[in-house]
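Fold and contact review
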Amino acid sequence: MEVLRLKRAEVETRGQLDATTLAIPRAESAIKEVQRKIDETRGKFRSDALTQLNEARTDLKADLPYSKDNYFFAVQAVGEKNHTSQAVIPVPTR
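We now turn to the structure provided with this report. (Residues numbered from 1 in each chain as written. Predicted model: local features only at pLDDT ≥ 70, side-chain atom pairs only at ≥ 80, totals over all residues. Heavy atoms only, no water.)

**Thoughts on the overall build of the protein chain**
If you tally the helices and strands in the protein chain, you get one helix and zero strands. Taking 12 Å as the expected radius of gyration for a compact globule of 94 residues, we find that the protein chain reaches 38 Å, considerably beyond that expectation. When the backbone C-alpha atoms are referred to their principal axes, the protein chain occupies close to 115 × 40 × 25 Å. Within the protein chain, buried positions represent 0% of all 94 residues. Accessible surface, the protein chain: about 9800 Å² in total, of which carbon and sulfur atoms supply 58%. Taking the 16 positively charged and 14 negatively charged side chains of the protein chain as two groups, their mean positions are separated by 2 Å. (Helix = DSSP H or I, 4+ residues; strand = E, 2+ residues; numbered from the N terminus. Rg over C-alpha atoms; globule rule 2.2 N^0.38 Å. Buried < 20%, exposed > 50% of the residue type's maximum accessible area, 1.4 Å probe, protein only. Areas by Shrake-Rupley, 256 points an atom, 1.4 Å probe, with all protein chains shown as cover. Lys, Arg positive; Asp, Glu negative; His and termini not counted. Charge placed at Lys NZ, Arg CZ, Asp CG, Glu CD.)

**What to know about the pattern of salt bridges**
Counted by the stated rule, this structure contains six salt bridges. The partner of E10 in a salt bridge is R14, with the nearest N and O atoms 3.1 Å apart. Taken together, the residues span about one helical turn, with E10 and R14 both in helix α1 (residues 2–60) at a distance of four residues. Note on R14: relative accessible area 52%, which makes it exposed. Here R36 and E40 are joined by a salt bridge, their closest N and O atoms 3.0 Å apart. With R36 and E40 both in helix α1 and four residues apart, this pair spans about one turn of that helix. In this structure E40 comes out as exposed when scored by relative accessible area, which is 51%. Each of E33, R36 and E40 takes part in salt bridges that share partners, so that together they form one network. (Salt bridge = Lys/Arg side-chain N within 4 Å of Asp/Glu carboxyl O.)

Honestly, it's all geometry; don't read function into it.
Below, the structure is given as structure tokens:
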């Protein structure tokens with residue numbers, strides 16, 4: 001009698017094992033699908049964020065009056081102890 005009960009438990013356990021073994025590929029497939037959706041959502045978020053950033057940059061863009069003639073070029077020496085010399089403006093020669 002004990003043997004029959006153990007055999008029946010064995011058959012039930014094998015059935016559960018087979019069902020679990022068959023469920024593994026479905027679970028792996030579902031995991032891959034979720035990962036694909038996450039990657040897709042991340043890509044869309046990044047794309048939208050870049051679009052908004054570009055729009056904000058366009059709104060904040062300002063043209064400043066800039067001319068190279070508004071600046072002076074000078075040479076200054078810096079010593080080992082960060083002592084600096086006076087700035088010297090070179091004189092153009094031809």
